[in-house]
Each structure stands twice: as C-alpha cells, then as structure tokens.
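Residues per chain, in single letters:
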Amino acid sequence: MRRITLASAFIALLVLPASAQSFEGNWSCRDETGGKAGILTIYGAVYGFASTALADAASGTGSITGYQDGVGFNDGGLKSARGIQAGRIVPDPTRGTVIQLETNDAVVMLCAPR
C-alpha cells in the first residue's frame, strides 16, 4: 500500500510543473508597438489565429508541438506569414502568465489570457 501511495505522490509531482505551464485556451495578442494584433486559440495540438488586420495571411489554423515552457509552431499562417517559430510561456508583472511569440530573431507578439 505504501508503494502505491509513494508512486502516486511521485507521479503527481512530475505532472505538476506541466499543468502549471498550461498554454491551452484563448490569448489576446499585442504586437511590438502594443497595438492589438489578434486572438490566439490553442487546444490540443492545433491553434487558430484571428488577426485584427483585414485579409491578413497570418490568420488561420495550424499545428503545434507542446513543450514544457510553451509551444513550437509547425505550420499555418503564423509560421508562414510572420515567421513565428515558438510561443514561450513567461511571467509578466501586470498580466500574470503570458505567451511571447518569437521568430528566430525577436519577440514579435505578447499574448495574455482572455
């Protein structure tokens, strides 16, 4: 009985960091100027992005790979139109936990939970 309890507690501790870094849900994104850029929705292994700009090629859906500290964008409009490679979960003093969307060179958007 002790082994089962000990194993359960150990597994719960392993899962805790992953659940604390959840990236699923709706995120309101702002660009590097602080202007509204769009809405990012992440569920499972897919994402959707709705840009505030009319006919923006970044709008649409794509697939992601989840990591402990965020997501990697595999395809879709954000990757092809804006060159976004990753979304990293970071703490923000005013908004709590946010996702910063990054290209190879820079952070281009900051997304707060909605």
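A. Examining the overall build of the protein chain more closely. Of the regular secondary structure elements, the protein chain holds 2 helices and 8 strands. When the helices and strands of the protein chain are read in sequence order from the N terminus, they spell out α-β-β-β-β-β-α-β-β-β. With 114 residues in all, the protein chain has 33% of them scored as buried. Nonlocal contacts in the protein chain, meaning residues at least 24 apart in sequence, comprise 29% of its contacts between residues at least 6 apart. Just so you have it, the protein chain exposes about 7000 Å², and 59% of that area is on carbon and sulfur atoms.

B. Expanded view of the packing of aromatic side chains. Summed over all chains, the structure comprises 1 aromatic pair. Centroid distance Tyr47 to Phe73: 5.0 Å. Interplanar angle 90°. Geometry classified as edge-to-face. With Tyr47 in strand 3 (residues 46-51) and Phe73 in strand 5 (residues 70-73), this pair connects stretches of sequence that are 26 residues apart. Owing to a relative accessible area of 2%, Phe73 belongs among the buried residues under this scheme.

C. Here's a closer look at the sheet that holds strand 3. Spatial ordering of the closed barrel is given by 1-2-3-4-5-6-7-8, a layout of 8 strands whose pairing is antiparallel. On average, each strand axis in the sheet is inclined to that of its neighbour by 35°, with strand direction left out of account.

D. Broad picture of the confidence of the model for the protein chain. Per-residue pLDDT for the protein chain has a mean of 86; in total, 82% of the residues score no lower than 70. By mean pLDDT, helix 1 (residues 2-20) is the weakest element of the protein chain at 42, and strand 3 is the strongest at 98.

E. Region of interest: the pairing of strand 2 (residues 36-43). Taken together, the 6 bridges between strand 1 (residues 25-31) and strand 2 define a ladder with antiparallel strand orientation. By the bridge assignment for strand 2, Ser28 is matched with Ile39. In sequence, strand 1 turns back onto strand 2 through a hairpin of 4 residues, with Gly34 there showing a positive phi of about 95°. One ladder, built from 6 bridges, connects strand 2 with strand 3; its direction is antiparallel.

F. Looking closely at the pairing of strand 1. Bridge count between strand 1 and strand 8 (residues 107-113): 5 bridges; the pairing is antiparallel. Counterpart to Asp31 in the pairing with strand 8 is Met109.

Conventions used here
- Residues numbered from 1 in each chain as written.
- Predicted model: local features only at pLDDT ≥ 70, side-chain atom pairs only at ≥ 80, totals over all residues.
- Heavy atoms only, no water.
- Helix = DSSP H or I, 4+ residues; strand = E, 2+ residues; numbered from the N terminus.
- Buried < 20%, exposed > 50% of the residue type's maximum accessible area, 1.4 Å probe, protein only.
- Contact = heavy atoms within 4.5 Å.
- Areas by Shrake-Rupley, 256 points an atom, 1.4 Å probe, with all protein chains shown as cover.
- Phe/Tyr/Trp six-rings, centres within 6.5 Å; stacked < 30°, edge-to-face > 60°.
- Pairing = 2+ DSSP bridges.
- Axes fitted to C-alpha atoms, helices over the stretch in contact; angles between N-to-C directions.
- pLDDT = per-residue confidence, 0-100.

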